[in-house]
Amino acid sequence: MDKEIVVKNWHPNCPIIYSDELGWSNDDYLDAESRNPETVFNFYWRHYNSIVFYYPKDGHFYELFMEGHPFKFWRIPTKEDWNGEWICDMISWNNHEEGEVLLTFDDDTDLWSILKINDVSIGEVIRNSIIAEINK
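Residues numbered from 1 in each chain as written. Predicted model: local features only at pLDDT ≥ 70, side-chain atom pairs only at ≥ 80, totals over all residues. Heavy atoms only, no water.

A few points about the packing of aromatic side chains
Stage number 1. The final tally for this structure, using the stated rule, is 15 aromatic pairs.
Stage number 2. Centre to centre, the rings of Trp-10 and Tyr-54 are 5.8 Å apart; their planes meet at 50°, and the pair counts as tilted. One end of the pair, Trp-10, is in the loop between β1 (5–7) and β2 (17–18); the other, Tyr-54, is in strand β3 (residues 50–55), and 44 residues separate them in sequence. Grouping residues by exposure puts Trp-10 and Tyr-54 together as buried.
Stage number 3. Here Phe-71 and Phe-105 contribute two aromatic rings whose centre-to-centre distance is 5.6 Å and whose plane-to-plane angle is 65°, an arrangement assigned as edge-to-face. You can see Phe-71 sitting in strand β5 (residues 71–76) and its partner Phe-105 sitting in strand β6 (residues 100–105), a full 34 residues away along the chain.
Stage number 4. Look at Phe-105 and you get buried, because its relative accessible area is 3%.
Stage number 5. Through a chain of ring-to-ring contacts, three or more aromatic side chains come together here, namely Trp-10, Tyr-54, Phe-61 and Trp-93. (Phe/Tyr/Trp six-rings, centres within 6.5 Å; stacked < 30°, edge-to-face > 60°. Helix = DSSP H or I, 4+ residues; strand = E, 2+ residues; numbered from the N terminus. Buried < 20%, exposed > 50% of the residue type's maximum accessible area, 1.4 Å probe, protein only.)

This is how it looks when you write it as structure tokens:
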């Protein structure tokens, strides 16, 4: 069975992303001590400061930002000087600029049940996204 190419222009050192590289990695499952996607998601957003992912289906980066209060979920804006060549260059990696805030939430929020992008559940979105960065 051939692997499906999802992204052809991710990064100069790793231009192609295949469908089996989307979602949580084996290391993510090990860190969360679970293979259940909901448990892994809850582990990371409750114990880490930031999760950045790229959702190829809509071509945007998103960030769950858990520093400060309330916590925020936003679409990271594309850099004005992005040349369109490499997707990884769309955003600033040193300082993610706050973009359009899609949701504010507290530490007791059931994000798994309420968070959606374009009416797609966060579980489905994560399963089909490139988890680009998780910050403690």
